[in-house]
Structure formats: C-alpha cells, structure tokens
Amino acid sequence: MKSEVYNQSTCIMSSVIYKYYVENKTGAQISRELGLSTSTVSRLLKRAREEGLVEIRITEPYMTCLLMEQEIQEKFHLKDAMVVPILGEENQVGEDDIKKQVALEGARYVQRNIEDGDTIGLNWGGTMYHLIQYLNPCQKVNANIVTMHGSIASCDRKLAVKTLVRRAAMAFGGKSFSLTHEGLFPSAEELKKVREKKECQEIFDLFEKINMSISGVGDFEPDHGSLLSHTGYLNEREHENLRQKKAASDILLRFVNHKGEECDTDLKDRTLSISIDTYKKIPNKVIVASGSYKARAIRSLVNGGLVDTLIIDYYLAREFINLIH
C-alpha cells in the first residue's frame, strides 16, 4: 500500500492526457499548470498508454494504406512503398484528381531524397507531367536531370521530354540533359547513326551514372490503355507483334511482358532509350502510378525487378494485392 501512495493519481494522469491530447498543450505547459516536472508528465503519458487510458487509432483508409505498404514492400523486397489514401470512390474522385494526388506524393519523395551531385533520370507520362509541376522551386540542389529516352512530343505536346526535364532542372537549380531526336526510328540502321553522334553518346554515358530514376508506367492490357498504344505512336503491325509477345506494360518507351522481360520485337532495336539492362542497374528506380487498371502493369515491373520504390494510389494498391494473392 505504501508504494501506491507515491504513485501519481489517476486523476492527475487524466488531467495530463486531456491537456496533451485534447487541448494540444506541450509537456512544458502542462508541467507549469499542474506543478509537475516535465519528466513526470512524460512518464504519465507513457503510463496512460500502457494502462489503456489512451488508445491511439489510425482511421481508415489510412490504416489500410499503411498495411498495404508493408505487405508490398516486404513481399517484393522494395526499398519503399507508398500507398496514397484516396477519400472517396475511385469513379467519383476522378482519374485526373487521383493522378495529381499521387504525383504530389512523388514530388515530395523526390525532394526528400535528392542530394547534391545526384544524377536523376526522368521518364515521360501524364503522371510525370503533374509531378514536375509540383516540384518546389525553393529547394536548390546541384544535380543533373536527364531524360532517359527520345522525344514523344508527337503523342502529346505537353509531354515533350525536353521541356519536362528542363523544368525539373530549373526547379532544383541543376543541369538538364535531353535526347532531342524522336524516340522511335523507322529502322535500326537509322537509330545506330544517331547513337554514334557525340551529343547522343554523352547522354548515354550519363545513363550509367543515374542513381535515382522517376517514371510512370503505361498498361498495355486489357484494353491497351497506354498513351503509346492509342496516340498513333505504334502502327497496327507493331500492335499485333506486341500482342503476340503478350506485352503487359510500357516503360522508358520499351514494352515488357508479365515476367518483366522486354518483348522481343524489332521495336527494341529502333527505340532511342536507356536499355532495360542499364535501367536495372539504377540503385533506386521510383515508379509513380495511379489507376486500378494498371495493376497488371505494376505486376510486370515488380516481377522483372524494374522497381525499387513504388508510389501508387489506394485503389491501384488494392487491385494489385488482389492480383498477386
């Protein structure tokens, strides 16, 4: 009984937790108001949690997002996984709004991790377009920003890689490097001639130095939702060849199957882009994507070891997890 006399009363403990959790007062403020030492306040807050006077609960969908992040990261041995909570049904929130929310988290991730001396590789795409707009121009970093493939402005003028990579470099105050030629050539011979040019060789040398890449991904099934698929980038013969090779997604202007292997078509030898083998060597390959319909595309990337950090929305994560179970 004697030892209990010297314990702080539950009344005092209740006052401490009310002031801390409800009134949002600091430990120093509470100690002054109640005549306690700050260490006693800290001890009472800890005791309140241990004895169940306080329960800390993460509400939905945030808790589910955290659990999905953990499952994805552990199952595929990723560096990191981020599942962006979406408040509302997918079809009600809207594809573009979800894309912007994911792009914002992607921009924040880049800003947390970019450092002086880095070489950052960028890929094209709708999500990437929004991500670059969200970069904070107040954060200056002496980094190289390089596009990982040739131009695809014919698909969408606003997605011109030279413009995107220059804007990203301006945001950080770094240097930009771009491939100005078209991404897809009529023949392997024509591509070879361009690859032999000095300015092209310099950028391909930079590819070997990329330590973080940021990319979206296009889905090639079931309805060929990839921008490369429905904007005239590919002709019908090329479409058919990719269908026969069971293309599941596109990344870096390259098409990969369910195993994450590049589809063996003549597009491989006509595409001005970082090679899949070189891309795999990048220490942190960040994929930023949204839309539940991209679940199979994401699966193809993780199967092929083409992603280290995955940033996706709640509905895409849910569909992806259902797919792999």
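Residues numbered from 1 in each chain as written. Predicted model: local features only at pLDDT ≥ 70, side-chain atom pairs only at ≥ 80, totals over all residues. Heavy atoms only, no water.

(A) Quick look at the pairing of strand S8 (residues 254-257). Residues Arg254 and Val256 of S8 are buried on one face, and the alternating residues Phe255 and Asn257, pointing to the opposite face, are buried as well. Here strand S7 (residues 247-251) hands over to S8 after two residues, with Leu252 in that stretch at a positive phi of 65°. (Buried < 20%, exposed > 50% of the residue type's maximum accessible area, 1.4 Å probe, protein only. Helix = DSSP H or I, 4+ residues; strand = E, 2+ residues; numbered from the N terminus. Pairing = 2+ DSSP bridges.)

(B) The sheet that holds strand S10 (residues 309-313), seen in detail. Read from one edge to the other, the open sheet built from seven strands follows the order S1-S10-S9-S5-S2-S3-S4, with strand pairing classed as parallel. At either margin of the open sheet sits one strand with a lone partner, and together these are strand S1 (80-84) and strand S4 (175-177). Between one strand axis and the next, the sheet turns through 15° on average, direction left out of account. In this fold helix H7 (residues 95-113) packs onto S1, strand S5 (212-215), strand S9 (284-289) and S10, with an angle of close to 155° to the strand it touches most, S10. (Axes fitted to C-alpha atoms, helices over the stretch in contact; angles between N-to-C directions. Contact = heavy atoms within 4.5 Å.)

(C) Quick peek at the sheet that holds S7. Reading across from one edge, S6-S7-S8 is the order of the three strands in this open sheet, with antiparallel pairing throughout. In the strand order of this sheet, the two ends are held by strand S6 (218-219) and S8, each with one partner. Alignment of S6 against S7, held across two bridges, turns out to be antiparallel. Each residue of the ladder has a partner; that of Gly218, found in S7, is Asp250.

(D) Molecular detail of the packing of aromatic side chains. This model, assessed by the stated rule, comprises five aromatic pairs. Between Tyr20 and Tyr21, the aromatic rings sit 4.9 Å apart at their centres with planes inclined by 85°, giving edge-to-face as the arrangement. Taking the relative accessible area as the measure of exposure, Tyr20 reaches 34% and is therefore partly exposed. With relative accessibility at 32%, the residue Tyr21 sits in the partly exposed group. Both rings, one in Phe220 and one in Phe255, keep their centres 5.7 Å apart while their planes meet at 75°; by these two values the pair is edge-to-face. Highlighted residues: Phe220 in the loop between S6 and helix H12 (227-230) and Phe255 in strand S8, separated in sequence by 35 residues. Of the two residues examined, Phe220 and Phe255, each falls in the buried class. Above the face of the Phe204 ring, Arg195 is positioned so that its terminal group lies 3.7 Å from the ring centre. (Phe/Tyr/Trp six-rings, centres within 6.5 Å; stacked < 30°, edge-to-face > 60°. Lys NZ or Arg CZ within 6 Å of the ring centre and 35° of its normal.)

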